[in-house]
Amino acid sequence: MRITFCGEITPTPYSEKNFTIHSNAFDGFSELIGKTDRLFAVVASPFSKAERPAVYRGRARKSSPLSADFIKRSGFTDIALAGPHLLDYGKVGLEDTFSALERNALPFFGAGRNIHEAAEPYRFGDDSCSVSVIAVSDGCGLYQDPKDACVNVRTELEVLSAVRSEKERGATVVLLYGGGAAGSPYPSPRVFEFCTLMAESGADVVICTGSECIGGYIRHKGAHILFGQGPAHFIKRGESPCIGMAMTYDTDTRKAEFRALIPDHASARVRLSDKQENSMAVDYMKKCGSLLKGADRFSPWRQYCEAVREIYSHVLLHPGDAEEELREEQIRFLLGNESTLDIVRELLSKQS
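Summary of the structure given here. Given the structure is predicted, the values throughout are model-derived calculations rather than measurements.

### Some points on the environment of His220
Then, number 1: Tracing the backbone shows His220 in strand S12 (residues 217–220).
Then, number 2: Distance in space between the C-alpha atoms of His220 and Ala199 is 6.6 Å, their sequence separation being 21 residues.
Then, number 3: Here His220 is in contact with Thr196, Ala199, Glu200 and Ile225, once residues within four sequence places are set aside.
Then, number 4: Separated by 2.8 Å, the side chains of His220 and Glu200 make a polar contact.

### Structural notes on the packing of aromatic side chains
Centre distance and the angle of the planes are the two values used to describe a pair of aromatic rings.
Then, number 1: Scanning the entire structure with this criterion turns up 13 aromatic pairs.
Then, number 2: Between Tyr122 and Phe124, the aromatic rings sit 5.7 Å apart at their centres with planes inclined by 45°, giving tilted as the arrangement.
Then, number 3: On the basis of relative accessibility, which here comes to 12%, the residue Tyr122 falls in the buried class.
Then, number 4: Aromatic side chains Tyr217 and Phe258 sit 4.9 Å apart centroid to centroid with 70° between the ring planes, which places their arrangement in the edge-to-face category. Separated by 41 residues along the polypeptide, Tyr217 in strand S12 and Phe258 in strand S15 (residues 256–264) bring together distant segments of the chain.
Then, number 5: Residue Phe258 is classed as buried on the basis of its relative accessible area of 12%.
Then, number 6: Counting every residue linked through ring pairs, the aromatic cluster contains Phe5, Phe40, Phe109, Tyr122 and Phe124.
Then, number 7: Over the ring of Phe298 we find Arg297; its NZ or CZ atom is 5.9 Å from the centre of that ring.

### Points about the nonpolar core
Then, number 1: In this structure, Leu175, Cys195, Met198, Phe227 and Ile343 are the most contacted members of the largest nonpolar core, which totals 34 residues.
Then, number 2: Within the residue set of this core, elements represented by two or more residues are strand S8 (129–137), helix H6 (156–168), strand S10 (172–178), helix H7 (189–200), strand S11 (205–208), strand S13 (223–226), helix H9 (299–307) and helix H12 (338–351).
Then, number 3: Here the element with the most residues in this core is H7; it accounts for 6 residues.
Then, number 4: If we ignore the near neighbours within four places in the chain, the residues touching Cys195 are Val206, Cys208, Ile225 and Phe227.
Then, number 5: Counting residues in each nonpolar core, the second largest holds 31 residues, with Phe26, Phe29, Ala246 and Leu272 among its members.

### What to know about the environment of Glu51
Then, number 1: Tracing the chain through its elements places Glu51 in the loop between strand S3 (38–43) and helix H3 (67–73).
Then, number 2: Residue classification places Glu51 among the exposed residues on the basis of a relative accessible area of 67%.
Then, number 3: Between the alpha carbons of Glu51 and Tyr89 there is a distance of 8.0 Å; along the sequence they are 38 residues apart.
Then, number 4: When neighbours within four sequence positions are excluded, Glu51 is seen to be in contact with Lys62 and Tyr89.

Rules behind the numbers
Residues numbered from 1 in each chain as written. Predicted model: local features only at pLDDT ≥ 70, side-chain atom pairs only at ≥ 80, totals over all residues. Heavy atoms only, no water. Helix = DSSP H or I, 4+ residues; strand = E, 2+ residues; numbered from the N terminus. Contact = heavy atoms within 4.5 Å. Polar contact = N/O pair within 3.5 Å; in protein donor to acceptor, adjacent residues only side chain to side chain. Phe/Tyr/Trp six-rings, centres within 6.5 Å; stacked < 30°, edge-to-face > 60°. Buried < 20%, exposed > 50% of the residue type's maximum accessible area, 1.4 Å probe, protein only. Lys NZ or Arg CZ within 6 Å of the ring centre and 35° of its normal. Core = buried A, V, L, I, M, F, W, Y, C linked by side-chain atoms within 4.5 Å.

Pasting the structure below:
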C-alpha cells in the first residue's frame, strides 16, 4: 500500500474565493493521486463561521465550512486534525469542523468529541496490511476540557505507549506530530529525542507537521523521520517560496518518496514541483538532515535560536513596549506550545 502525507492545509479568505472558480486548487495532483492509495492532509485550523476567537486575538485562523468540500474534491481521503490553530475558535469551532468533514464523508482523527475519541489511533487496511496513524499536537492542551471536543495532546509517555501498542498489533505505524519550532529546519534537542524515541519504539514514519518549513530528513532504526513538512498551504506570505513536502510511504518496500509542493500566490493555488525544483528541495532536506548525525547536531538549532533572540527577548523582557492585549497575545504565542517553549528554554539557558 502506498500512503501519501501532504502536510497542513489552511484555506484563508485570500485563497477561498478561488475554490469556487477552480475545480481543483492543486495543480497536477492527478499525477500524485494516481500513484497513491490514500492521500492525507493535516487540517491546521477550524472550518467554522464562529465570529469570536476563543484564545488568540490577532492570530486566530479559520476557514469556511465549504473548504471541506474543496478538500474532498481535491482528492484527499483522510484528515488529521493536529494543527496548532484548531482551538482558536474554541469548542464551537472544533464541532463545526467535525460537522463539515462528516458532511463530506471525510474520515478524521487527532481530535474528537472527548479526549478518548481524540487520542484514538486511526486504523485502516486488512490482515495483510494494517496501518495505524497517530496524530498528536503540542500546542492546544492549555485551553481545552478533556470531556468536551478537544485535540489530541498527550505526554511523551502516552504517545510512546500508543506507538508500542499499535506495533504489537502488527501494524505499520505513522506518527504525525504537530510540533517543531516555526521557521527552524532543525529540531530542538527535545523534538529530536522525542522523534527518535518514537522510531526506536516501533514507528515506521515520524513527520513533524508544525514547523512551518521543510526540515531535515534522517533514517533512524529503519524509520523515516522528517523534522518539518513545510508551511500551511494557501496562507499568503509575500514573496517567500514557502515550499511544502509531500511524503509517500510504501508499506511493502518500506521506502519513502518525496515531492515538493510549490505555491502560486497569484492564483492562490498549489502545484507539484517539476523535476529540478523537486531535486533542489529534496537535496536541501537531506543536507539539513546530514547535520543531525554528528556529535554537534544541535549547533544549527542553537544558531537559529540566536537569530530569533531579539524577537523573543523583546516580548519577554519589555512588557511596557506593547499594549496589554497585544502583549497577552504575544505571550500566549511564545508559551502556548512546547516547540516555542524550546526556544525560550534555550535562550534562558544562555542568559543564566
